[in-house]
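Residue-level structural notes
Chain by chain, the residues run as shown.
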Number of protein chains: 4
Amino acid sequence: METIGVGLIGSGFMGKAHALAWNSVGPVFGDVPRIGLAHLGDASDELARRKADEFGFDRASGDWRRVIEDPNVDVVSITTPNKFHLEMAQAALAAGKHVWCEKPMAPNLADAEMMLAAARASGKVAVLGYNYIQNPLIRHIRRLLDEGVIGEVNHVRIEMDEDFMADPEAPFQQRHEAANGWGALDDFGVHPLSFIVTLFGEVSKVMCDMAKPYPTRRTPEGDRDVEVHDLVTILLRLNNGASGFIACSRTAWGRKGRIALQIFGAKGSITYDQERMNEFQLYVTSDRETEQGFRTILSAPQHAPYDRFIPAPGHGLGFNDLKTIECRQLIGRILGQDSVGITFEQGILIERTVAAAGASFLEGRWVDIA
Amino acid sequence: METIGVGLIGSGFMGKAHALAWNSVGPVFGDVPRIGLAHLGDASDELARRKADEFGFDRASGDWRRVIEDPNVDVVSITTPNKFHLEMAQAALAAGKHVWCEKPMAPNLADAEMMLAAARASGKVAVLGYNYIQNPLIRHIRRLLDEGVIGEVNHVRIEMDEDFMADPEAPFQQRHEAANGWGALDDFGVHPLSFIVTLFGEVSKVMCDMAKPYPTRRTPEGDRDVEVHDLVTILLRLNNGASGFIACSRTAWGRKGRIALQIFGAKGSITYDQERMNEFQLYVTSDRETEQGFRTILSAPQHAPYDRFIPAPGHGLGFNDLKTIECRQLIGRILGQDSVGITFEQGILIERTVAAAGASFLEGRWVDIA
Amino acid sequence: METIGVGLIGSGFMGKAHALAWNSVGPVFGDVPRIGLAHLGDASDELARRKADEFGFDRASGDWRRVIEDPNVDVVSITTPNKFHLEMAQAALAAGKHVWCEKPMAPNLADAEMMLAAARASGKVAVLGYNYIQNPLIRHIRRLLDEGVIGEVNHVRIEMDEDFMADPEAPFQQRHEAANGWGALDDFGVHPLSFIVTLFGEVSKVMCDMAKPYPTRRTPEGDRDVEVHDLVTILLRLNNGASGFIACSRTAWGRKGRIALQIFGAKGSITYDQERMNEFQLYVTSDRETEQGFRTILSAPQHAPYDRFIPAPGHGLGFNDLKTIECRQLIGRILGQDSVGITFEQGILIERTVAAAGASFLEGRWVDIA
Amino acid sequence: METIGVGLIGSGFMGKAHALAWNSVGPVFGDVPRIGLAHLGDASDELARRKADEFGFDRASGDWRRVIEDPNVDVVSITTPNKFHLEMAQAALAAGKHVWCEKPMAPNLADAEMMLAAARASGKVAVLGYNYIQNPLIRHIRRLLDEGVIGEVNHVRIEMDEDFMADPEAPFQQRHEAANGWGALDDFGVHPLSFIVTLFGEVSKVMCDMAKPYPTRRTPEGDRDVEVHDLVTILLRLNNGASGFIACSRTAWGRKGRIALQIFGAKGSITYDQERMNEFQLYVTSDRETEQGFRTILSAPQHAPYDRFIPAPGHGLGFNDLKTIECRQLIGRILGQDSVGITFEQGILIERTVAAAGASFLEGRWVDIA
């Protein structure tokens, strides 16, 4: 494969992140085919053209189907709102293109299952944009868990908190409508679940609570009921019997990009916080008793593929670099290399857990994951 | 009241903490009656005598009833295992003594209710040893909440974690037997609940999960089932509608005395961790947007009664100082002054919540607090 | 200017950083001319060709003069060892090219002065690769200082520490020879000085100490004297009268990329550490006295140009992103826009301070900066 | 020795700290003679009587000589301003009493040397109130250094910063007069020097800089020149050849009790900050390379004598507890036990270094310690 032709649908937050990754993946890794930025699609010809120029894409269309049809396109980045994911992924896969689709898969489990079916039928690579797990430190944590450095894991806590919904004076938005899903559960909860899938495996059952910090928000016509829940907490059991929970808030003043992991094992513990994504903490009982303590370990070239970005330790990767790593993994998968990432096969595990959590909340009881 | 005569039953971890507090409260505060260390009781005459000498008590007895009967004793510190609390508290109150009893009240709710009844009948001061809430910073957080500095609180998370049960190789102990209670729920959970009672008020309902990281432990005769749960997580609702949870672990390697609070309001957030008990964090939206961030605020003389210990800020109180403050509050209550602390009246709220959590765990559903 | 043609000399640590920046600057900022990656030069044709392919450059040469002569090249990135900077910068400027040269300017002050002369004579843009100061947070700190948020600055401390020379068992290397300069002074010291030039202005006098943690290192022929100093501390006065110091170590085990600033003013303080480059701390006396504390402020879209990389706060930039910002500033300067960065005019202030510090060390006394 | 009779001169910040220590040392340690609080002296009979009652002393005098003469007094705590230290220490030692004198020894070196001479002549125990070094963690750091855990130490940095002089609007005080000494050098610098004496040994030479952040302060009669320096930085060499510096500020907004140590060795590093006195950081190269990082080690019973205060790890000592430990060490020395602490013999090393630093500042050159 001499060139990988890229189609990009959407040019917002995640669209730009994909564009940056496609621009950087070659020079950063130096071991990939030439990347051809073939075709960018967005809501209008004009917008698409402007963004294509900014991001370095050759062609531009106001109709996303043109991107998928483009014979120069081998892989399609889907970065539109999740209600469009099913249709676009189905079309791209049917057209024989690989798919890199942003998370979550779809607004409901049925759609997600259809996306999985389409991926299976196509035989193409179909992966999801769970970038946080691509942090070299997260991969290193996985390695430490596999090596048994902290022994068998028996308890896991993950919190994901931001504050963009924290202002009670902010007006009612479209995303406060139930049509957009559960709220924090599917918007945020899927990220902690991507860590669980990556580090520990499957969730076996959940007990879910949700809450609305601000039950109503103002509109020009008066207050309106908020239909989604900005707070969610999910008690859970993993397949191996370990217990734990996930807690998410979109109304946590002061939290900007917190994803805090606490992993407890029989011989040690590991903690991590996405807001300080270039470090993690490790406690091991093999240290001498009088000097046991959490080590703060900075990301370094020994934590591949940090070395592809910077040859010196402790200098720091950024959020966008994670997307570049994810992109390299996608390319690896296309090339048949061992790769890390959440495929549609694994993504469906996340979606099923979300669906079970939603049911659990409605019924006030534990729900098994099918 | 010229002198307060003190009786102390028990001289272990908490017994010594009480003794240190009774020794220090006078010189630290300088505004209390003379403290007379009258009588120390412990399991044997010999042990009691030795500890009385160490701690500066005049008399010593191997029979705790002698302490209670002693006419020089006005207040009795009860620091024995909680299965003895009921009998001792009843006897002391019946004898017209004030009672300062370590937490939790009793191994079961029925006993705790009887202790409350005894306290009510006696008209004497009856308080519990919840020392963490006596931190001047916790009192200051209460002040900030009352002032509305972070707006109305809508979500609370409290974790309490230590690792003294974390070693899977440690043998079966008596405390692994069901007769000792639930495990983390009553051993640890009461502390987070003491924060809730102090800062926010009452819990209205709970959904509780428990887990055993190590279901069996070895004995000389082979492995034996562990009957208590070292892990507990409690989803909860407060009376004001706020949501939250409490999570406790006695098997969290690396955590030594962690009690981590996260309090989220409509205008800001507050966090605190007992392992760094001389600081707390405050985020307020009233700061200019480009410089909003969590402030790390060090304990200082402005946070009364820190000033009674040290006239300079940031120099640090210790765990035992909290007991001295608690002691001063107890004395204040005896003298009819406004006082902070968990009386039997408030302690019963904690015990009822524990009982409801236990029921919730057994039934796998939300349980209302009566 | 429709296209900016780029020549890159060198493809090591900094060469790759420049290449990544030139690849990303367009898609990140979206407001620059098209970037033409014209010509990459390195030590051999083969190496140059391979790196040109990796980094996306059109042409490649084993002779750096071909890069400078290339009519498609408008600006030359010089990332070779600093002993080559003078010759390359002179040639590039003489050929009418803009120059982006890595720090420090040259191994000695005389060469640096000649570089400045060449830049002045050419009328071209000539800037240095001081990337740390391009952090949006550093720019924001500059803004806060200008606004007087912490009052007049009276004391500054900057430490820069890494540990790549910390192993006493590591063998003698070429960089331990005096021909490579002072050691920590010119290798590291220039970075703290770039912060001083950016944030506070000029240094008026210095008193410098240097030390060798390991005076000898092994060679195959036996131990050899280390001729450079891995430790340097510089007491200093700024033109405004403020005092302070710079301390650098290349042998500080555990420090990986630490550049720790402490800035003290009449109304507050600011601290920063490059190892946590997405946050800084601010203490202001205008906060209410009982809640004064250092705020930890996370980088956010309000801290331009963070917003060009990520629209959400607290998600984190990386080391390479700073180079992309530096690149954008260079382009701005070429386009006649207001720009931030260390030009040769400012760089010479740094070099003169380094020279004065060297003299101070040799003479054991304070030395004024000319 | 059945009872140790205590005399206390002064009842301010440090006087109360001594009183609390004398009250607590028995119950905390349980292995000391009975402590008899015999006699408290202060500026007036009335004040002395009031404080004696608060602190539990039997007798009280408005004349400190009565304390020293009291036959029930075996040891005298001197906590008055340092200009009185010489006279009081001489008198107490001449009267055959042991002396526990607050730091620094005296306003000038000559007085300090006379105090040492008096101590030598008396044969009595004469120790200084350097409490920070009594932290169990500092003792543990000493142990680690002795064991070679971080290899030979080659560089040390110590900062001590507070902000009680940071407000430029605060009026001129008596302590701004030159008669009170150098300023930060003798007020603060002696504490970092006490760490050096305790952990590393002697300073061989110094190069000192001082600065005045606010050269004048207001009085009712107009501005007046400040005669002391609130900022001091001391470059230094230790006897073993290691380099380092001490930096102190009394005008560092936001610093409340910071004493930050950074100790660098051939095999690792140690850091510590008094503002978080219950933890220190250790980096060792013996950890596996991919998981090397600074461990945050919490104080615990394994760090004697923490265990005498609390049997559980991570619960936290306070500032006053350090004084209690210091008191126990003083008693140990009286009883002929191995003891930690700064005697007059070691204190003079600190005073000589202060004098050399003062001379260095005046002369702008390095000064050897005699």
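Residues numbered from 1 in each chain as written. Chains lettered and ligands numbered in written order. Predicted model: local features only at pLDDT ≥ 70, side-chain atom pairs only at ≥ 80, totals over all residues. Heavy atoms only, no water.

With an omega of -15°, the peptide bond between K103(A) and P104(A) qualifies as cis. On the secondary structure map, P104(A) appears in the loop between β5 (98–101) and α5 (109–122). Here the amide bond leading from A304(C) into P305(C) is cis, since omega sits at 0°, within 30 degrees of zero. Take P305(C): it is sitting in the loop between β16 (294–298) and α9 (306–309). (Helix = DSSP H or I, 4+ residues; strand = E, 2+ residues; numbered from the N terminus.)

The next point concerns the relation of the copies chain B and chain C. Superposition of the two copies of the chain requires a rotation about an axis together with a shift along that axis. Rotating chain B by 180° about the axis while translating it 0.0 Å along that axis superimposes it on chain C, leaving an RMSD of 0.0 Å. Here the symmetry operator amounts to a two-fold rotation axis. Closest to the rotation axis within chain B is the C-alpha of R295(B), separated from it by 1.9 Å. Taken as a fraction of all interface residues of chain B, those also at the interface in chain C reach 100%, which identifies the copy contact as same-surface. (Least-squares fit on C-alpha atoms with pLDDT ≥ 70 in both. Contact = heavy atoms within 4.5 Å.)

Contact with chain C, which involves 43 residues of that partner, is made by 43 residues of chain D. In total, about 3,100 Å² of surface goes out of reach between chain C and chain D, with carbon and sulfur atoms giving 55% of it. On inspection of chain C and its partner chain D, the count reaches six salt bridges. Contributing elements (two or more residues each) for the side of chain C that touches chain D: β7 (153–161), β8 (203–211), β11 (231–238), β12 (243–249), β13 (258–265) and β14 (268–273) of chain C. (Buried area = accessible area lost by both parts, 1.4 Å probe. Salt bridge = Lys/Arg side-chain N within 4 Å of Asp/Glu carboxyl O.)

Counting from both sides, the interface comprises 18 residues of chain B and, opposite them, 18 residues of chain C. Between chain B and chain C, roughly 1,400 Å² of surface is buried when both sides are summed, and carbon and sulfur atoms account for 45% of that area. Counting the surface chain B buries against chain C, the share from its top three residues, T290(B), E291(B) and R295(B), is 37%. Our count for the chain B to chain C interface comes out at four salt bridges. Here E147(C) and R288(B) are joined by a salt bridge, their closest N and O atoms 3.0 Å apart.

So, about the sheet that holds strand β2 (residues 34–41) of chain A. Within a sheet, neighbouring strands are paired by backbone hydrogen bonds and run either parallel or antiparallel to one another. All names here are of chain A. Here we have seven strands laid out as an open sheet, ordered β3-β2-β1-β4-β5-β6-β17, and mixed in their pairing. Each having just a single partner strand, β3 (59–61) and β17 (342–343) make up the two edges of the open sheet. Here two bridges tie strand β6 (residues 126–128) to β17, and the two strands are oriented antiparallel to one another. If you follow L128 over to β17, its bridge partner there is I342. Sitting on the sheet, helix α10 (residues 319–334) is in contact with β1 (3–9), β2, β4 (75–78), β5, β6 and β17, with an inclination near 155° to β5. (Pairing = 2+ DSSP bridges. Axes fitted to C-alpha atoms, helices over the stretch in contact; angles between N-to-C directions.)

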